[in-house]
Amino acid sequence: MATTQELRARAKRRKLIVQGILCALTILAIWGAVRSAQVNLAALGITSGFGFLERGTGWDYSFSLVERSINDPYARTLLIGFLNTMFVGFICIFLSTLFGFIIGTGRDSSHPAIKSASTVFVQIFRNIPLILQAVFLYSLLIHFPGPRQAMNLGDAVFLSNRGLMLPGLNVSAGVAVAMLLAVLATGLLILIRRTPLLRGVLQWSMASGVIVLGTALLMRPEGEALVSLPALQGLRFQGGITVPVELVAMITSITLYGSAYIAEVVRGGLNQVPRGLIEAGQALGLTPGAIWTRIKMPMSLRSIVPPLGNQWIFIMKATTIGIAIGFSDLFYIVSNSITQSGQTLELIFLLMAAFLLVNFSIALFVNWLNARLQLKAH
């Protein structure tokens, strides 16, 4: 009669055999689909492969974080689209998380006015389709007054139908990217050190300010001011940072939509904190702010982080709405490239691979963060 260990070994072998068969069938199915596509493309006289990436595009687009030209090869153009997507995605993730925590806390507030205002915000922006919000904001912004009649805030910030003009540091794009990476690395280092939430945010803010100001002072062009302010010259603004209308509509609409969902995630997490812990804090004489920072938020983060990661992934995928308003994200660049080159399968594969890489990286980070926040059994 077989022992328990032998039965387990047999069951394990059966599982391995089944998994091996499934993997083999999957590989055969993929190979068959690829082979069939190659035969069909050859019959139509369409070449396959990635050789087209070295050819020049011959067409322009609206926005880029780096220097660009219509003679750029497809490889560089796709890289620029990928950078644009990452830029918008991570800005929207940061802003949506910030406002989501603020609004979610307001939803949990005992103050009727704050709770009602937060509820109205969530119900409005969560229930209107994202693409409709983006198109509406874009249509609204392009009907703003021109540069000469631009809305003005302290002669430093201007809003017109050309976009949003902001003060900027006198540094090159490469230096700005380096500062951004340094700030992100600092935030990750603080997370790894298991710093408490509020203290970690304060430390990250102070370190980021030192990094930005120190780098700007060291890397600014000689003889120029540290800060460049936008100024009207003729029919356009010179100096500062110009944020195009498409980018303003993208960031605003995704941030409003994403923060409404994240607010509900935060509210749900706060509601799961045991009432007894809150009452214990009140009995000890803690202020509402101290109860929030020392009891409610640390306890709720353990239930907030997993669904919060899902929202971050959704926000990154939501950047594809840029094609509806002409913003040159990766999806827009790939769509134009398909029209111009005809390399449909290769370009769609690159698009899927790019989003798979980014979203899988976000998922890994969320899993790591969730593991760090879990209570350890002793």
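Before any of the text, the structure's been laid out above.
Residues numbered from 1 in each chain as written. Predicted model: local features only at pLDDT ≥ 70, side-chain atom pairs only at ≥ 80, totals over all residues. Heavy atoms only, no water.

The helix and strand inventory of the protein chain stands at eleven helices and eight strands. Looking at the protein chain residue by residue over its 378 residues, the buried ones come to 34%. Long-range pairs, those at least 24 residues apart, make up 68% of the contacts in the protein chain between residues at least 6 apart in sequence. Looking at the protein chain as shown, the accessible area adds up to about 22,000 Å², and 67% of this sits on carbon and sulfur atoms. (Helix = DSSP H or I, 4+ residues; strand = E, 2+ residues; numbered from the N terminus. Buried < 20%, exposed > 50% of the residue type's maximum accessible area, 1.4 Å probe, protein only. Contact = heavy atoms within 4.5 Å. Areas by Shrake-Rupley, 256 points an atom, 1.4 Å probe, with all protein chains shown as cover.)

The next point concerns the sheet that holds strand 1 (residues 151-153). Overall, antiparallel pairing links the four strands, which are arranged 1-2-3-8 in an open sheet. The two strands at the open ends of the sheet, each matched to only one other strand, are strand 1 and strand 8 (241-243). Strand after strand, the sheet turns through a mean of 15 degrees between neighbouring axes, direction not considered. Direction of pairing for strand 3 (residues 163-166) relative to strand 8: antiparallel, over a ladder of three bridges. Paired with Leu166 across the two strands is Ile241, which belongs to strand 8. With respect to the sheet, helix 7 (residues 245-271) is in contact with strand 2 (157-160), strand 3 and strand 8, its orientation differing from that of strand 8 by roughly 70 degrees. (Pairing = 2+ DSSP bridges. Axes fitted to C-alpha atoms, helices over the stretch in contact; angles between N-to-C directions.)

Checked against the element boundaries, Ser259 lands in helix 7. Beyond its immediate chain neighbours, meaning those up to four positions away, Ser259 contacts Ser96, Phe99, Gly100, Ile103 and Phe121.

Attention now moves to the pairing of strand 2. When strand 1 meets strand 2, the two strands line up antiparallel, connected through three bridges. By the bridge assignment, Asn152 is partnered in strand 2 with Phe158. What sits between strand 2 and strand 3 in their antiparallel hairpin is a turn of two residues.

Let us look at the packing of aromatic side chains. What the rule picks out here adds up to nine aromatic pairs. Members of the aromatic cluster, joined through ring pairs, are Phe63, Phe87 and Phe327. (Phe/Tyr/Trp six-rings, centres within 6.5 Å; stacked < 30°, edge-to-face > 60°.)

Another aspect to go through is the environment of Ile241. Assignment of secondary structure puts Ile241 in strand 8. Along the sequence, Ile241 and Val157 sit 84 residues apart, while their C-alpha atoms lie 9.7 Å from each other. With residues up to four places along the chain from it excluded, the contact list for Ile241 reads Leu164, Met165, Leu166, Pro167 and Gly168.

Our focus in this paragraph is the packing of helix 2 (residues 74-107) against helix 10 (residues 330-341). Where helix 2 contacts helix 10, the two axes come as close as 7 Å, and the packing angle between them is 155 degrees. By the angle between their directions, the pair helix 2 and helix 10 is classed as roughly antiparallel. Listed contacts from helix 10 to Tyr74, Thr77, Leu78, Gly81, Phe82 and Thr85 of helix 2 are Leu330, Ile333, Val334, Ser337, Gln340 and Ser341. Partitioning the contact of helix 2 with helix 10 into residue classes produces six nonpolar, six polar and no charged. (Parallel < 35°, antiparallel > 145°, perpendicular 65-115°, else oblique. Nonpolar A, V, L, I, M, F, W, Y, C, P; charged D, E, K, R; others polar.)

Between side chains of opposite charge, pairing is possible as soon as their charged atoms come close. Summed over all chains, the structure comprises seven salt bridges. Notably, a salt bridge pairs Asp60 with Arg68, separated by 3.2 Å at the nearest N-O pair. The exposure class assigned to Arg68 is partly exposed, which follows from its relative accessible area of 32%. Put simply, Arg107, Arg126, Glu264 and Arg267 are held in one network by salt bridges that share partners. (Salt bridge = Lys/Arg side-chain N within 4 Å of Asp/Glu carboxyl O.)

Turning our eyes to something else, we now look at the pairing of strand 3. Here strand 2 runs beside strand 3; their pairing, made up of three bridges, is antiparallel. Looking at strand 3, one finds that Phe158 is bridged to Met165.

For helix 9 (residues 288-318), spanning 31 residues, the distance from its first C-alpha to its last is only 36 Å, which falls clearly below the expected 45 Å at 1.5 Å a residue. The largest bend in helix 9 is about 50 degrees, located at Leu301. (Expected span 1.5 Å × (residues − 1). Bend = angle between axes of the 7 residues up to and from the residue.)

Here we come to the packing of helix 3 (residues 112-127) against helix 7. Here helix 3 crosses helix 7 at 125 degrees, and the two axes come no closer than 8 Å. Between helix 3 and helix 7, the crossing angle belongs to the class labelled oblique. Note on packing geometry: the crossing formed by helix 3 with helix 7 is left-handed. Contacts between helix 3 and helix 7 pair Phe121, Val122, Phe125 and Arg126 from the former with Leu256, Tyr257, Ser259, Ala260, Tyr261, Ala263 and Glu264 from the latter. Here the residues of the contact of helix 3 with helix 7 are counted per class, giving eight nonpolar, one polar and two charged. (Left-handed = near helix turned anticlockwise from the far one by under 90°.)

Quick look at the environment of Met299 now. Mapped onto the secondary structure, Met299 falls in helix 9. The class of Met299 is partly exposed, set by a relative accessible area of 35%. Through-space distance from the C-alpha of Met299 to that of Pro274 is 9.1 Å; in sequence the pair is 25 residues apart. Ignoring any residue separated from it by four or fewer positions in sequence, one finds Met299 in contact with Val273 and Leu277.

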